[in-house]
Amino acid sequence: VSTATKIAQKKFDNCIMNASGVWCYDEKELSALDKSEAASFVTKSGTLESRKGNPKPRYFETDLGSINSMGLPNQGLEYYLNFVNKVQEQNPNKNYFVSCTGFNVQEDVLLLEEVKKSGFKGIVELNLSCPNVPGKPQTGYDFETVDMILQTVFENYEGLLGVKLPPYFDIVHFDQMAKILNKYPLTYINSVNSIGNGLYIDEEQEKVVIKPKNGFGGIGGDYIKPTALANVHAFYQRLDSRIQIIGTGGIKTGRDVFEHILCGASMVQVGTALMKEGPSIFRRLTRELEAIMRSKGYEKLSDFKGKLKYMN
Ligand code: FMN
């Protein structure tokens, strides 16, 4: 069986990779991903300047997932572009992703100019789950701003570009967001980012478990798989077929990978479970997915991609 896939005619010999923000902060972590069985890697979301992020503890693991309020610690986009361009030269047959995020549309344009100038040949993932203007929701929940950002971005950038989206929870929001996304030459969407602003509590100490924002943070892991699957499938139903989907959220077994693909994902990303298990997880997930495919008589992803059945 083959778990190979394509994003925008770029070939990947596997469909499983890291999610941005996990095991991708620096050259050392990214090199470990490159050597693993992961199909590719995506960098930590790079900003115009490097950032230290929020005070620690800012990440906490629970039995069912994780909560974090990292505050975008990163080395700055330039660092990631330099590294990925170097790795790309050494591995001309592999394809890589660089994630970036600006705090406003002018910054997004500057980030993409930097990408262009560097000669980057891979795929850009623009993270739209970024704090925006104080008093306004994060960008992904501000539909007019998303529309305006995409309009401006595609006037200024011609390379392959996908967007990372926060989870949506209302059918009307799926409809509205898909209508916006369908207007633009997007390569893919990546659903979902963490479920925002959850609160995990240490009952014994009667206390929060992370320091920033008095304990409020983004939720990943088992908690979010049903939401992630719903977002992948809702967009699969609504987006033009030229816009592919990367499924992220709650993946820790081959079965989870299978379910994301069944809902319409062409590729999947692993966050919390990668944090817990390290890059050897890609070998396990790949073997587990292959075993499921074999047991069902599927040879390739297209045999089941998007083929979720409904009750009639
Ligand atoms: N998503 C981004 O697009 N950019 C980031 O910089 C980023 N940083 C993250 C840092 C941590 C510690 C975690 C746990 C998640 C981060 N995410 C970021 C979100 C993940 O990429 C992913 O969408 C989310 O964790 C859901 O996947 P999971 O259930 O496998 O954890």
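Not measured: the values here are computed from a predicted model. (Residues numbered from 1 in each chain as written. Predicted model: local features only at pLDDT ≥ 70, side-chain atom pairs only at ≥ 80, totals over all residues. Heavy atoms only, no water.)

Q: What's the story with the site of the ligand in this structure? I'm lost.
A: Neighbouring the ligand are 25 residues, the closest being S20, S45, G221, G250 and T272. Between the ligand and the protein, one listed contact pairs an oxygen atom with a backbone N or O atom of G250 at 2.7 Å. Here an oxygen atom of the ligand and a side-chain polar atom of T272 are 2.6 Å apart. In isolation the ligand has 610 Å² of accessible area, and contact with the protein removes 97% of it. Within the residue set of the shell around the ligand, elements represented by two or more residues are β13 (216-221) and α8 (272-277). Grouping the amino acids of the shell around the ligand by side-chain chemistry returns nine nonpolar, 14 polar and two charged. (Near = heavy atom within 4 Å. Polar contact = N/O pair within 3.5 Å; in protein donor to acceptor, adjacent residues only side chain to side chain. Areas by Shrake-Rupley, 256 points an atom, 1.4 Å probe, with all protein chains shown as cover. Helix = DSSP H or I, 4+ residues; strand = E, 2+ residues; numbered from the N terminus. Nonpolar A, V, L, I, M, F, W, Y, C, P; charged D, E, K, R; others polar.)

Q: Mind showing me how you'd approach the pattern of salt bridges here?
A: Close approach of charged atoms lets side chains of opposite charge pair. Scanning the model with the defined rule gives 16 salt bridges in all. Put simply, K225 and E259 hold a salt bridge, and the shortest N to O gap is 2.8 Å. Of this pair, K225 sits in helix α6 (residues 225-238) while E259 is found in helix α7 (residues 254-262), placing the two residues 34 residues apart along the sequence. Classification of E259 as buried rests on a relative accessible area of 14%. (Salt bridge = Lys/Arg side-chain N within 4 Å of Asp/Glu carboxyl O. Buried < 20%, exposed > 50% of the residue type's maximum accessible area, 1.4 Å probe, protein only.)

Q: Mind showing me how you'd approach the sheet that holds strand β3 (residues 16-18) here?
A: Strand pairs in the sheet, formed through backbone hydrogen bonds, run parallel or antiparallel to each other. In space, the seven strands of this open sheet follow the order β3-β15-β14-β9-β8-β7-β6, with parallel pairing throughout. If you trace the sheet from one side to the other, it starts and ends with β3 and β6 (97-100), each paired once. Each neighbouring strand pair of the sheet contributes to a mean axis angle of 25 degrees, computed without reference to strand direction. (Pairing = 2+ DSSP bridges. Axes fitted to C-alpha atoms, helices over the stretch in contact; angles between N-to-C directions.)

Q: Help me understand the nonpolar core, please; the structure alone is not making it clear to me.
A: The nonpolar side chains of a soluble globular protein tend to be buried with one another. If you look at the biggest cluster of nonpolar residues, it comprises 69 residues, and the most contacted ones within it are V163, L181, L186, I189 and F235. Judged by nonpolar contacts, the second largest core, of 10 residues, contains I7, F12, F97 and Y188. (Core = buried A, V, L, I, M, F, W, Y, C linked by side-chain atoms within 4.5 Å.)

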